[in-house]
Amino acid sequence: KNQVEQSPQSLIILEGKNCTLQCNYTVSPFSNLRWYKQDTGRGPVSLTIMTFSENTKSNGRYTATLDADTKQSSLHITASQLSDSASYICVVSAMTGNNRKLIWGLGTSLAVNP
Amino acid sequence: DVKVTQSSRYLVKRTGEKVFLECVQDMDHENMFWYRQDPGLGLRLIYFSYDVKMKEKGDIPEGYSVSREKKERFSLILESASTNQTSMYLCASSLLDTIYFGEGSWLTVV
């Protein structure tokens, strides 16, 4: 069964600290993995996309990693800011022929406190 | 920038009412989607469309229908709203692998 699991479910950190969010998946056949940021009451916004051949990709203070062998991805946030408080959602794309199916994780809720 | 606009941010409807949620995108994307998002359940796909007048059922289409008469517009219809359809509804459009979401419509059915 295709599944995406994220951990932790929620996280509280102090402003300026780093944190790492995890995404484990059992999706086949794997096409790509994307991280979204969703502010409270808003729609998700894409942070980064990773394909099978990519190990690391950065977007400012956000760095995503992908280990296709262990089927794990992480999102590392450096020097957190109050505006990083949001839900972070991992979504994995499975491609079968011309059909693409997205499997969404439940997200990690991050609170950055001053 | 891509813009996906959902016409209503907050709605309160009565049980049994017919509800229309409208969505417009301005980037000529062929693919459009309707999701609902509930605490503990994440994003669930209701319907999607890959072309005008084309529609495909997602994972939870029961109780919903959609309409795509123009490329830029994708409407979600609740024929007879029920309390279990109280949720946040997200419209999205996509180009290749990138999905762009609207701001969401909060629907409360009383």
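Residues numbered from 1 in each chain as written. Chains lettered and ligands numbered in written order. Predicted model: local features only at pLDDT ≥ 70, side-chain atom pairs only at ≥ 80, totals over all residues. Heavy atoms only, no water.

Asks: Can you walk me through the overall build of chain B in this structure?
Replies: Secondary structure assignment for chain B yields zero helices and twelve strands. Listing each helix as α and each strand as β along chain B from the N terminus yields β-β-β-β-β-β-β-β-β-β-β-β. Computed over its C-alpha atoms, the radius of gyration of chain B comes to 13 Å, within 12% of the 13 Å expected for a compact globule of 110 residues. Taking the principal axes of the C-alpha coordinates as reference, chain B spans close to 35 × 25 × 25 Å. Sorting the 110 residues of chain B into buried and exposed places 45% on the buried side. At a minimum sequence separation of 6, the contacts of chain B that also span at least 24 residues come to 54%. Summed over all atoms, the accessible surface of chain B reaches about 5700 Å², with 52% contributed by carbon and sulfur. In chain B, the 14 positive side-chain charges and the 16 negative ones have mean positions that sit 6 Å from each other. (Helix = DSSP H or I, 4+ residues; strand = E, 2+ residues; numbered from the N terminus. Rg over C-alpha atoms; globule rule 2.2 N^0.38 Å. Buried < 20%, exposed > 50% of the residue type's maximum accessible area, 1.4 Å probe, protein only. Contact = heavy atoms within 4.5 Å. Areas by Shrake-Rupley, 256 points an atom, 1.4 Å probe, with all protein chains shown as cover. Lys, Arg positive; Asp, Glu negative; His and termini not counted. Charge placed at Lys NZ, Arg CZ, Asp CG, Glu CD.)

Asks: Explain the interface of chain A and chain B here, please?
Replies: The accessible area lost on association of the parts is a frequent measure of interface size. Between chain A and chain B, the residue contacts involve 15 residues of the former and 17 residues of the latter. Summing the contributions of chain A and of chain B, the shared interface buries around 1300 Å²; its carbon and sulfur component is 48%. There are two salt bridges connecting chain A and chain B. One salt bridge connects Asp59(B) with Lys101(A), and the closest N-O pair in it is separated by 3.1 Å. Taken together, the connections running from chain A to chain B amount to seven residue pairs in polar contact (both at pLDDT 80 or more). Going through the elements one at a time, strand E4 (30–38) and strand E10 (99–104) of chain A are the ones with two or more residues in the side of chain A that touches chain B. When its residues are assigned to classes, the side of chain A that touches chain B shows seven nonpolar, four polar and four charged. (Buried area = accessible area lost by both parts, 1.4 Å probe. Salt bridge = Lys/Arg side-chain N within 4 Å of Asp/Glu carboxyl O. Polar contact = N/O pair within 3.5 Å; in protein donor to acceptor, adjacent residues only side chain to side chain. Nonpolar A, V, L, I, M, F, W, Y, C, P; charged D, E, K, R; others polar.)

Asks: Would you take a moment to explain the sheet that holds strand E7 (residues 62–67) of chain A for this structure?
Replies: The strands making up a sheet associate through hydrogen bonds between their backbones, and the pairing can be parallel or antiparallel. All names here are of chain A. Spatial strand order, E1-E3-E8-E7-E6: five strands in an open sheet with antiparallel pairing. Looking at strand neighbours, the two that pair on one side only are strand E1 (3–7) and strand E6 (56–59), the edges of this open sheet. For this sheet, the mean angle separating the axes of adjacent strands, direction not counted, is 15°. (Pairing = 2+ DSSP bridges. Axes fitted to C-alpha atoms, helices over the stretch in contact; angles between N-to-C directions.)

Asks: Which parts of the structure should I look at to understand the packing of aromatic side chains?
Replies: A ring pair, where both rings are aromatic, is described by two values, the distance of the centres and the angle of the planes. Under the counting rule described, the total for this entry stands at eleven aromatic pairs over all chains. Chaining the aromatic ring pairs together yields one cluster made of Tyr36(A), Trp104(A), Phe33(B), Tyr35(B), Phe48(B) and Phe101(B). Against the face of Tyr62(A) rests Arg61(A), its NZ or CZ located 5.7 Å from the ring centre. (Phe/Tyr/Trp six-rings, centres within 6.5 Å; stacked < 30°, edge-to-face > 60°. Lys NZ or Arg CZ within 6 Å of the ring centre and 35° of its normal.)

Asks: Sorry if this is basic, but what is going on with the pairing of strand E8 (residues 72–77) of chain A here?
Replies: For a regular strand, side-chain orientation follows a simple rule: the groups alternate between the two sheet faces. All names here are of chain A. Relative to E8, strand E3 (residues 19–26) runs antiparallel, the two sharing six bridges. Within E8, the residue paired with glutamine 22 across the bridge is serine 74. Bridge analysis of E7 against E8 gives six bridges, and the strand direction is antiparallel. Along E8, the bridge assignment pairs aspartate 67 with glutamine 72. Two successive antiparallel strands, E7 and E8, enclose a turn made up of four residues, where lysine 71 displays a positive phi of approximately 60°.

Asks: Would you take a moment to explain the side chain of Lys37(A) for this structure?
Replies: All names here are of chain A. If you trace the backbone, lysine 37 turns up in strand E4. In this structure lysine 37 comes out as buried when scored by relative accessible area, which is 15%. Sequence-distant contacts of lysine 37, that is, excluding residues within four places in its chain, are made with Gly43, Pro44, Val45, Leu47, Tyr62, Ser83, Asp84, Ala86, Ser87 and Tyr88.

Asks: Explain the state of the cysteines to me, please; I cannot follow it from the model alone.
Replies: Following the criterion strictly, the structure yields two disulfides over all chains and no others. With a sulfur-sulfur separation of 2.0 Å, Cys23(A) is cross-linked through a disulfide to Cys90(A). Its torsion about the S-S bond being -65°, the disulfide of Cys23(A) and Cys90(A) is classed as left-handed. Pair noted here: Cys23(A) is in strand E3 and Cys90(A) is in strand E9 (residues 86–96), with a separation of 67 residues, a long-range link. When its relative accessible area of 0% is taken as the criterion, Cys23(A) is described as buried. Sulfur-sulfur distance for the disulfide between Cys23(B) and Cys91(B) comes to 1.9 Å. Sign of the S-S torsion, about -80° for the bond between Cys23(B) and Cys91(B), identifies this disulfide as left-handed. (Disulfide = S-S within 2.5 Å.)

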